[in-house]
Amino acid sequence: MNIKALLKNVVNYKASDLHIVSRSEPQIRIDGTLVPLDMDKLDGVVIEEMCYTLLSDKQKKELEENRELDFAIEFPDIGRFRANYYYTMNGEVAAAFRIIPIKIPSLDDLKCPNIFKDLILREKGLILVTGPTGSGKSTTLAALLNEINISENKHIITVEDPVEFVHTNKRSLFSHRNVGTDTKSFAQGLKFSLREDPDIILVGELRDKETISTAITAAETGHLVFATLHTNSAVQTVNRIVDSFEGAEQIQVRNMLSTSLYAVISQALLPRVGSGRVAIHEILINNAAISNLIRENKLHQIYSQMQLNQQKTGMITQTQSMIKNLRAKTISKENAIRFSTQPQELINSIGVQ
């Protein structure tokens, strides 16, 4: 048994992830569910030997000092993977691998709402793609950038930890930067990217106040900025950004956000009836009414505003996306309610007791 053989199983079974943990068979995630492979249980020694074959001496040292390590690796005959190594309570190495498609999907491949193609026509502004881990945020962002790549002459800088999708230059020029090896942090990479003549900046994750502040400033000063947050709804996303600041800073960030924010796409992947998964989107587009609510700190009213005049604004709530998919019979009622951020609203809408 070796690590490449295990990763081939991810590809062969069309899985998304591979988990290697001591005292368990290797397990892969298929359509969101973990499935053990028909193999012997692994022990810590075997796992460490397998995992270390992929690391440089510098990476081994970083893992042993920090007790965890993020990196990306590509095998020409298998695929590209994002990897995380970590220690469990017995001092044993464990690993999680996520496959990254080498062929970048288009927005049409992902069956994204038509408004996504309008979003990329902006010259400046902040576009946030949010959702829990494993909800397809990176794939959606890659598809958005790919659409720009085939139609626009832009300089696109990505700052990620690690770089996931690697774009081939078509009409656009890509500068991919890994946090940790190419730049010290998201905040520093984003700060210096403003001096590197970008048209578009992708920030892998808005992790801290400094990164959030710089991203908003970049969007204000004429750049189109894409970023992710681990939030489950559009309103929660705006709240999270504002709550990252304190006191009088919140007033300033609300004023900046009210003008620089362009869109929030919150998404979740639900099991598809039959097999596979379906992306459910909630879309917030910043217009005059939304901007005013952000500036005046009436964030609780944003959800209601999203429900008004949607054919014109292009906005949609998660509940409405759920109902649309329920009518198309692509998802089950049980999973819709289970994954909903507004379960009671959904239940009231579909009449489930």
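These numbers were taken from a predicted model, which means no experiment stands behind them.

Scoring rules and cut-offs
Residues numbered from 1 in each chain as written. Predicted model: local features only at pLDDT ≥ 70, side-chain atom pairs only at ≥ 80, totals over all residues. Heavy atoms only, no water. Buried < 20%, exposed > 50% of the residue type's maximum accessible area, 1.4 Å probe, protein only. Helix = DSSP H or I, 4+ residues; strand = E, 2+ residues; numbered from the N terminus. Pairing = 2+ DSSP bridges. Axes fitted to C-alpha atoms, helices over the stretch in contact; angles between N-to-C directions. Contact = heavy atoms within 4.5 Å.

Peer 1: So what exactly am I meant to see when it comes to the pairing of strand β8 (residues 155-160) here?
Peer 2: Within β8, 6 of the 6 residues are buried, leaving the element largely enclosed by the surrounding structure. Burial along β8 is two-sided: the face carrying H155, I157 and V159 and the face carrying I156, T158 and E160 are both buried. Where β8 meets strand β9 (residues 173-178), 6 bridges bridge the pair, whose relative direction is parallel. By the bridge assignment for β9, V159 is matched with R177. Two strands pair when backbone bridges link them, and β8 and strand β10 (residues 200-203) are joined in this way by 4 bridges, in the parallel orientation. Across the sheet, residue I156 finds its bridge partner in β10, namely I200.

Peer 1: What should I look at first to understand the sheet that holds strand β1 (residues 17-20) in this one?
Peer 2: Strand-to-strand pairing in sheets goes through backbone hydrogen bonds, with the strands running parallel or antiparallel. Spatially, β3-β2-β1-β6-β5-β4 is the arrangement adopted by the 6 strands of the open sheet, whose pairing is antiparallel. Both edges of this open sheet fall to β3 (33-36) and β4 (68-75), since each of them pairs with a single strand only. Sheet twist, expressed as the mean angle between neighbouring strand axes with direction ignored, is 25°. As paired strands, β4 and strand β5 (residues 79-87) are joined by 8 bridges and run antiparallel to one another. Across the sheet, residue F75 finds its bridge partner in β5, namely G79. Running over the sheet, helix α3 (residues 57-66) touches β4 and β5 and is turned about 150° from β4.

Peer 1: Got a minute to help me understand the sheet that holds strand β7 (residues 125-130) in this structure?
Peer 2: Spatially, the 7 strands line up as an open sheet ordered β9-β8-β10-β11-β7-β12-β13, and their pairing is mixed. Of all strands in the sheet, those with a lone pairing partner are β9 and β13 (277-285), marking the two edges. Sheet twist, expressed as the mean angle between neighbouring strand axes with direction ignored, is 15°.

Peer 1: Explanation requested: the environment of G204 in the structure shown.
Peer 2: With respect to the helices and strands, G204 occurs in the loop between β10 and α7 (209-220). Distance from G204 to V45, taken between C-alpha atoms, is 33 Å for residues 159 residues apart in sequence. Excluding anything up to four places from it in sequence, G204 contacts V159, E160, F186 and T228.

Peer 1: Looking at this structure, I do not really get unusual backbone geometry. What am I missing?
Peer 2: Trans peptide bonds make up most of the peptide bonds, and negative phi angles are found at most residues other than glycine. For the bond running from D161 to P162, omega is -5°, close enough to zero to count as cis. Here P162 lies in the loop between β8 and β9. Notably, D31 is not glycine yet its phi reads approximately 50°, a positive angle. By the element assignment, D31 lies in the loop between β2 (27-30) and β3. The partly exposed category is assigned to D31, whose relative accessible area is 33%.

Peer 1: Explanation requested: the environment of K324 in the structure shown.
Peer 2: Looking at where K324 falls in the secondary structure, it is placed in helix α13 (residues 318-327). Placed 292 residues apart in sequence, K324 and G32 show a C-alpha to C-alpha distance of 21 Å.

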